[in-house]
Amino acid sequence: MQNLILHLDLIGTFVFALSGAMLGVRHRLDLFGVLVLAFATASAGGILRDLLIGATPPAALHDWRYPAIWISAGLIAFAWSPWIERLHQPVRVFDALGLAVFAVAGTDKALGAGIGPLMAPCLGMLSGIGGGMLRDVLLARVPLVLHAELYAIAALAGASVVAIGSVLQLPPVPVTVAGAALCFFLRLAALRYGWHLPKALQAPPGDDAA
Amino acid sequence: MQNLILHLDLIGTFVFALSGAMLGVRHRLDLFGVLVLAFATASAGGILRDLLIGATPPAALHDWRYPAIWISAGLIAFAWSPWIERLHQPVRVFDALGLAVFAVAGTDKALGAGIGPLMAPCLGMLSGIGGGMLRDVLLARVPLVLHAELYAIAALAGASVVAIGSVLQLPPVPVTVAGAALCFFLRLAALRYGWHLPKALQAPPGDDAA
Amino acid sequence: MQNLILHLDLIGTFVFALSGAMLGVRHRLDLFGVLVLAFATASAGGILRDLLIGATPPAALHDWRYPAIWISAGLIAFAWSPWIERLHQPVRVFDALGLAVFAVAGTDKALGAGIGPLMAPCLGMLSGIGGGMLRDVLLARVPLVLHAELYAIAALAGASVVAIGSVLQLPPVPVTVAGAALCFFLRLAALRYGWHLPKALQAPPGDDAA
């Protein structure tokens, strides 16, 4: 199972890096900026999780395969961006897969570090969405995850399956697969059917002061 | 005293979460976005402080009362935002109370972790203002605390009282109460009388490059 | 050598703080906002590096000279900003010096904490550019380093010299000096000759969704 998660984790890193790098290309960043966005999107969620559970230095910093992968993804996006734009649909499917894997693997890691079953899924979700949030903050825009289709909720649902399975002491492999599958299909369904979380009734216009 | 601080801390968490969630509603975020802003505003300052002093995992992640409180505050803001808008004045009073409590409690915690009396008030201040700063960064705007009425300075003043009391070995409970009161009334007075820190003489217009 | 690095580190802190504070003045922040930008620009890179390698509390928080220096720089920028604007050229030279010192000192520290020679230069680069990135995020704009002249690459080049020297077990003092000099002159040459990294071919206009 460790092996399965590792492979999926590397795939997730690749697809997230690709998605971040593509946005950098669209915003007219230079090669370095594109690589930074590839790195931030692929690694920030996992690094933040590792910081929060005290696992320093974070895994993304001492396994050479991670930099190798996000650097490759960044260079590929930089060189062939017009071509990759046409792959929009496959990229979204891989992105959903990356989200699912990061969410369940992050939850597993948080549980292993002694975080309780209520907060561990939040850390798993953070592993999945943190990279995209930093990417958007660096591009000086409101993170998409705060107002897009079911994205974080899909991650949270998959992560919760893992936490519940751990509380009930179910066998970890099928539970992890089930959690990842739930997140994956929830995200794809949200994309296909345009599922959104509700927005609040419009508040009367007011000043922006806190 | 631990008990007093804990109760005030929970109140501060609630009010900060409410303020963050209200801003999310005004920016037309969905339910998840509103909850993220509630969490970020209420918890980011304390989490950052805990990361900086090496206290991992942060308290906000392993005490179930904190998520329970900020989730409730987020849901309340989501459901009844037009009604809460009318409470502007009370919310500001509670916000000042939260700032005061976070500032003194954060300073206490930093001193306990061996941070010197010069930097500990800065960490206390950070506990008080960090959440609001992350909230504004996520909304892609310049943090209010960088150009609003005396806000951070009120937190720093209260935090400094705690640090000075610790250096002089005064009894902690009255010192903590005095620090919190100083911050609270300074903030309220700044709001009422429109106290601002000075701005620098306008520099000649120039390019924005560093 | 420790002494040399310390002195250069303090100079770097001063110049970075000055550059951050000047930007705060230009954005019409109040005195506190200017000081926060001075602190963030001068210290955030090093603090983030220390968090990532697990060295808490970060050095910038328990050596009184660092706050003394960035507070002084912030006050100077606040009081004499029109005068400092005229020093644009010298400030850029000192900024390049600060970048060089932070990059090599950060790499040294990362290697000492057991980070491998592939990732250590990245942490050194992060020490050099992290402060400016946070400064720009707080001002709600895309970090300059993502699209400016060779800046991060100069830091990475200097940091890599240190890492390679460590792998080859060369004597540390000349290696560190060589790394810093490479970064410094590369940055100055990029400024003088307008060297840029390439940008990708313009992708066809598309929506911004990930």
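As the structure is a computational prediction, the values presented were derived from the model and not from experiment.

Criteria and thresholds
- Residues numbered from 1 in each chain as written.
- Chains lettered and ligands numbered in written order.
- Predicted model: local features only at pLDDT ≥ 70, side-chain atom pairs only at ≥ 80, totals over all residues.
- Heavy atoms only, no water.
- Helix = DSSP H or I, 4+ residues; strand = E, 2+ residues; numbered from the N terminus.
- Buried < 20%, exposed > 50% of the residue type's maximum accessible area, 1.4 Å probe, protein only.
- Areas by Shrake-Rupley, 256 points an atom, 1.4 Å probe, with all protein chains shown as cover.
- Lys, Arg positive; Asp, Glu negative; His and termini not counted.
- Charge placed at Lys NZ, Arg CZ, Asp CG, Glu CD.
- Least-squares fit on C-alpha atoms with pLDDT ≥ 70 in both.
- Contact = heavy atoms within 4.5 Å.
- Buried area = accessible area lost by both parts, 1.4 Å probe.
- Salt bridge = Lys/Arg side-chain N within 4 Å of Asp/Glu carboxyl O.
- Polar contact = N/O pair within 3.5 Å; in protein donor to acceptor, adjacent residues only side chain to side chain.
- Nonpolar A, V, L, I, M, F, W, Y, C, P; charged D, E, K, R; others polar.
- UniProt positions renumbered as here; feature names shortened; annotations may be inferred.
- Phe/Tyr/Trp six-rings, centres within 6.5 Å; stacked < 30°, edge-to-face > 60°.
- Core = buried A, V, L, I, M, F, W, Y, C linked by side-chain atoms within 4.5 Å.
- Expected span 1.5 Å × (residues − 1).
- Bend = angle between axes of the 7 residues up to and from the residue.

A. Examining the overall build of chain A more closely. For chain A, the helix and strand inventory stands at eight helices and zero strands. Start at the N end of chain A and walk to the C end: the helices and strands fall as α-α-α-α-α-α-α-α. Taken over the C-alpha atoms alone, chain A extends approximately 50 × 50 × 35 Å along its principal axes. For chain A, buried positions account for 56% of its 210 residues. In the structure as shown, chain A presents an accessible area of about 8,400 Å², 70% of it carried by carbon and sulfur atoms. The average position of the 12 basic charges and that of the 11 acidic charges among the side chains of chain A differ by 7 Å.

B. Expanded view of the environment of Gln 169 of chain B. Considering the arrangement of structural elements, one finds Gln 169 of chain B in the loop between helix 7 (152–167) and helix 8 (172–193). Each C-alpha atom of the pair Gln 169 of chain B and Val 34 of chain B lies 43 Å from the other, and the pair is 135 residues apart in sequence.

C. Summary view of the relation of the copies chain C and chain B. The two copies are related by a screw operation: chain C maps onto chain B through 120° of rotation and 0.0 Å of translation along the axis, at an RMSD of 0.0 Å. The superposition operator between the copies reduces to a three-fold rotation axis. Considering only C-alpha atoms, the residue of chain C closest to the rotation axis is Ala 140 of chain C, which sits at 3.2 Å. Little of the interface of chain C is mirrored in chain B, where only 12% of its interface residues again form contacts.

D. Local environment of the interface of chain B and chain A. Chain B puts 33 residues into the contact, and the matching count from chain A is 34 residues. The three residues of chain B that bury the most area against chain A are Arg 28, Phe 32 and Leu 61 of chain B, which together make up 23% of that side's buried surface. At the surface where chain B touches chain A, the tally comes to zero salt bridges. Taken together, chain B and chain A are joined by one residue pair in polar contact (both at pLDDT 80 or more). Counting only elements with at least two residues in the side of chain B that touches chain A, the list comes to helix 1 (2–26), helix 2 (31–52), helix 3 (59–62), helix 4 (65–85), helix 5 (88–112) and helix 6 (120–138) of chain B. Broken down by element, the side of chain B that touches chain A gets its largest block of residues, six residues, from helix 2 of chain B. Residue composition of the side of chain B that touches chain A, grouped by class: 21 nonpolar, five polar and seven charged.

E. Structural context of the UniProt feature "transmembrane region" (unreviewed entry) in chain A. Residues and elements named next belong to chain A. With numbering matched to this structure, UniProt assigns "transmembrane region" (unreviewed entry) to residues 6–25, 32–52, 118–138, 150–170 and 176–195. Helix makes up 100% of residues 32–52 and strand 0%, with an end-to-end C-alpha separation of 28 Å. Secondary structure across residues 118–138 comprises 90% helix and 0% strand; the distance between its end C-alpha atoms is 30 Å.

F. Spotlight on the packing of aromatic side chains. Residue and element names in this part refer to chain B. All chains considered together, the criterion is met by nine aromatic pairs over all chains. The interplanar angle of 55° and the centroid separation of 5.0 Å between the aromatic rings of Phe 39 and Trp 70 together place this pair among those described as tilted. Residue Phe 39 is located in helix 2, and its partner Trp 70 is located in helix 4; the two are separated by 31 residues in the primary sequence. Judged by its relative accessible area of 25%, Phe 39 falls in the partly exposed class.

G. Inspection of the pattern of salt bridges at higher detail. Going through the model one piece at a time under the given rule, you end up with twelve salt bridges over all chains. With a closest N to O distance of 3.1 Å, Arg 135 of chain A and Asp 136 of chain A form a salt bridge. The exposure classification of Arg 135 of chain A matches that of Asp 136 of chain A, with both residues buried. Between Arg 49 of chain C and Asp 50 of chain C there is a salt bridge, and its shortest N-O distance comes to 3.1 Å. You can call Arg 49 of chain C buried: its relative accessible area is 10%. For Asp 50 of chain C, a relative accessible area of 1% corresponds to the buried category. What emerges from the salt-bridge pattern is a single network uniting Arg 49, Asp 50 and Lys 109 of chain A.

H. A look at the nonpolar core. Grouped together as the largest cluster of nonpolar side chains are 183 residues, with contacts concentrated most on Phe 32 and Ile 129 of chain A, Phe 32 and Ile 129 of chain B together with Phe 32 and Ile 129 of chain C. Every residue in contact with Ile 129 of chain A, bar those within four places of it in the chain, is listed here: Leu 99, Val 145, Tyr 151 and Ala 152 of chain A together with Phe 32 of chain B.

I. Local environment of helix 6 (residues 120–138) of chain A. Residue and element names in this part refer to chain A. The end-to-end C-alpha distance of helix 6, which contains 19 residues, comes to 27 Å, matching closely the 27 Å that a straight helix rising 1.5 Å per residue would cover. Where helix 6 bends most, the angle comes to about 45°, and this point is Ile 129. Counting buried residues in helix 6 gives 17 out of 19 residues, a clear majority hidden from the surface. Count one or two residues on from helix 6 and you reach Ala 140, which has phi positive near 60°.

J. Highlighting the UniProt feature "domain: Glycine transporter" (unreviewed entry) in chain A. Here the UniProt feature "domain: Glycine transporter" (unreviewed entry) sits at residues 8–80 and 93–164 of chain A. The distance separating the terminal C-alpha atoms of residues 8–80 of chain A is 24 Å; by composition the span is 84% helix and 0% strand.

K. Examining the interface of chain C and chain B more closely. Taken residue by residue, the interface counts 33 residues in chain C and 34 residues in chain B. Looking at the side of chain C facing chain B, the largest losses of area belong to Arg 28, Phe 32 and Leu 61 of chain C, adding up to 23% of the total buried there. Linking chain C with chain B are zero salt bridges, by the criterion used here. On the surface where chain C and chain B come into contact, there are one residue pair in polar contact (both at pLDDT 80 or more). Broken down by secondary-structure element, the contributors of at least two residues to the side of chain C that touches chain B are helix 1 (2–26), helix 2 (31–52), helix 3 (59–62), helix 4 (65–85), helix 5 (88–112) and helix 6 (120–138) of chain C. Per element, the largest residue contribution to the side of chain C that touches chain B is six residues, and it comes from helix 2 of chain C. In terms of residue class, the side of chain C that touches chain B is built from 21 nonpolar, five polar and seven charged.

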